[in-house]
Amino acid sequence: MTLPAKMDQVVVVERKPEDATATTTEPVTPVSHKSAKPNGMKVELSPLASRPKNRIRIFVEGLLQSARREGEPDSKTGEPLPKRLDLSLGDPTALGLAPPAEAEDAVVSAVKDGLMTTKQVHGYQHSCGSPAFREAICEEISPGVSPDSVFVTSGCSQALQFALTALAKEGSNVLVPNPCFPLYNTICEHVGAEARSYSLLPERGWEACLRDLDAKLDDNTCCLLVCNPGNPTSHSYSQDHLCDLLRFAYDKRIPVVADEVYAHMTYDPRADERSTFQWMADVASQQLGRNRPPVLSCSALSKRFLVPGWRCGWLALHDDAGRSLVQAGISNGIAALCQIGVTTN
C-alpha cells in the first residue's frame, strides 16, 4: 500500500460488503488542532483555570519582588533597612500568635483519650462532613438548623466557593461589597459571573448603601454577598442594618451569602446590641419571620481560634419559608461539590 503524504487526510475503513470482503480508503476532512504546539501535542488551558485571578496576591507579590530587601542600605541615609512588616497576611500564626490551649487540648484529647474510634479519627468520613462535626456546628451557629443542611469545607474560602458555584452561572452577577475580600471576585471569575460592587459608607460605620444596591441589581443578579464582621473594614453591623439588608434581598427575591468567618470577633467596649455579633440567619428568622430570604452562611474555626492551617470551615443553609433552596436543588448541588472537592471533613 502506498501511503499518502498527509496521514490525517485519509482513514482506512474495514468493510465487508454482502458479496465480497474488501478494504477501501475514503478521504476525510482534515482535523484542525488550533491549540496544537510545535510538538503536535494538543494541550490547552481551560477557561475554568485561566479566568480566575487573585489580584491582591498578584499585586503584593509584584510589590515584594521590586522592593528592597532587609539589610540593604537606605538610599537616603545609608542605614540598613529594617525588617519589613507584611500587613497583607491573613495568618495570625505568622506573627507569632498561637491557638488557645483549649483548642489544642480538645484535639489531643479526642485522639488520645479514646473519646473517638479509630475510624472517626483516622478514617474516611462522609463527603459532606462527619456527623459529629456537623452536629457540633449546628449547636454553635443555630440549634434549629439540621445537620443535613451543614457542609464541612476546607476553610471558609471553600464554603464561599461552593455557595457561589451553586448559585451563580455564566452571565449572572453577584452583588459584592466595596471594599471587600478579593477572593469574592476570584470565585465569580471562576464560575463566569460578574462581581458587581456596591458601595459601603465609611461615615456610617461601613454600612451598605441601599440606594447603590438597588441601582446595581438587575434580572441577572443571583445573590447578595454580605461580609459581617467586615474584612477589610472591621465593621460589625447592627441588627437594624442586617434587617435592612435582609429585607432588600427578600423584596428582590434573591438569597444572601453571608461571609461570617469573623463571627464573635468584636471589640467594642460599649458591648451593646450595636456591636454584639449576630448570625445573619438568626436575625432573619427572629426579626423577619416568614418574610425572610434564604441565607447561606459561610464560616470557619480559623479566625476565632487562630488555626487557619486546620482548614476547618462550613457552609450552612438556612432556607426561607417557601423552601426555595430545597426546591432549586441547592443542597443536592453542594453535596455534589463536596464529593469532588478536597475537604476537611
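Conventions and cut-offs
Residues numbered from 1 in each chain as written. Predicted model: local features only at pLDDT ≥ 70, side-chain atom pairs only at ≥ 80, totals over all residues. Heavy atoms only, no water. Pairing = 2+ DSSP bridges. Helix = DSSP H or I, 4+ residues; strand = E, 2+ residues; numbered from the N terminus. Contact = heavy atoms within 4.5 Å. Axes fitted to C-alpha atoms, helices over the stretch in contact; angles between N-to-C directions. Buried < 20%, exposed > 50% of the residue type's maximum accessible area, 1.4 Å probe, protein only. Parallel < 35°, antiparallel > 145°, perpendicular 65-115°, else oblique. Nonpolar A, V, L, I, M, F, W, Y, C, P; charged D, E, K, R; others polar. Salt bridge = Lys/Arg side-chain N within 4 Å of Asp/Glu carboxyl O. Disulfide = S-S within 2.5 Å. Core = buried A, V, L, I, M, F, W, Y, C linked by side-chain atoms within 4.5 Å.

Ordered in space as β3-β10-β9-β8-β7-β4-β5-β6, the 8 strands form an open sheet in which the pairing is mixed. Where the open sheet ends on each side, the last strands, each with one partner, are β3 (150–154) and β6 (207–208). Pairing of strand β7 (residues 221–227) with strand β8 (residues 256–259) involves 4 bridges; the strand directions are parallel. Its bridge partner lying in β8, C227 is registered against D259. Of the strands in this sheet, β4 (173–178), β6, β7, β8 and β9 (295–300) touch helix α9 (residues 239–252), which is tilted by about 170° from β7.

Counting through the fold element by element, V60 comes out in helix α2 (residues 55–66). On the basis of relative accessible area, V60 is assigned to the buried category, the value being 17%. It is 9.5 Å that separates the C-alpha atoms of V60 and D86, two residues lying 26 residues apart in sequence.

Two elements in contact, α9 and helix α10 (residues 280–288), have axes whose closest approach is 10 Å; the angle formed by their N-to-C orientations is 80°. Here α9 lies roughly perpendicular to α10, going by the angle between them. Side by side, α9 and α10 meet where Q239, L242, C243, L245, L246 and R247 of the first sit next to M280, V283, A284, Q287 and L288 of the second. Residues of the contact of α9 with α10, tallied by class, amount to 8 nonpolar, 2 polar and 1 charged.

Moving on, we get to the pattern of salt bridges. Under the definition given, this model contains 8 salt bridges. Two residues, K216 and D212, come together in a salt bridge whose shortest N-O distance is 3.2 Å. Taken together, the residues K216 and D212, both in helix α8 (residues 210–216) and 4 residues apart, mark about one turn of the helix. Taking the relative accessible area as the measure of exposure, D212 reaches 14% and is therefore buried. Between D214 and K252 there is a salt bridge; the shortest N-O distance is 2.9 Å. One end of the pair, D214, is in helix α8; the other, K252, is in helix α9, and 38 residues separate them in sequence. Classification of D214 by relative accessible area gives partly exposed; the value is 40%.

Enumeration according to the criterion identifies 0 disulfides in this entry. We note that C188 lacks a disulfide partner, and the nearest cysteine sulfur, in C223, lies 7.2 Å from it. Here C188 falls in the buried class, since its relative accessible area comes to 1%.

This paragraph deals with the nonpolar core. Within the largest apolar cluster, 36 residues are counted, with the highest numbers of intra-cluster contacts made by V174, V257, L296 and L315. Top element by residues in this core is helix α6 (residues 155–167). It accounts for 7 residues. If we skip the residues at most four places from it in the chain, L296 touches A163, L167, P255, V256, V257, A258, L315, A316, L317, L325 and I330.

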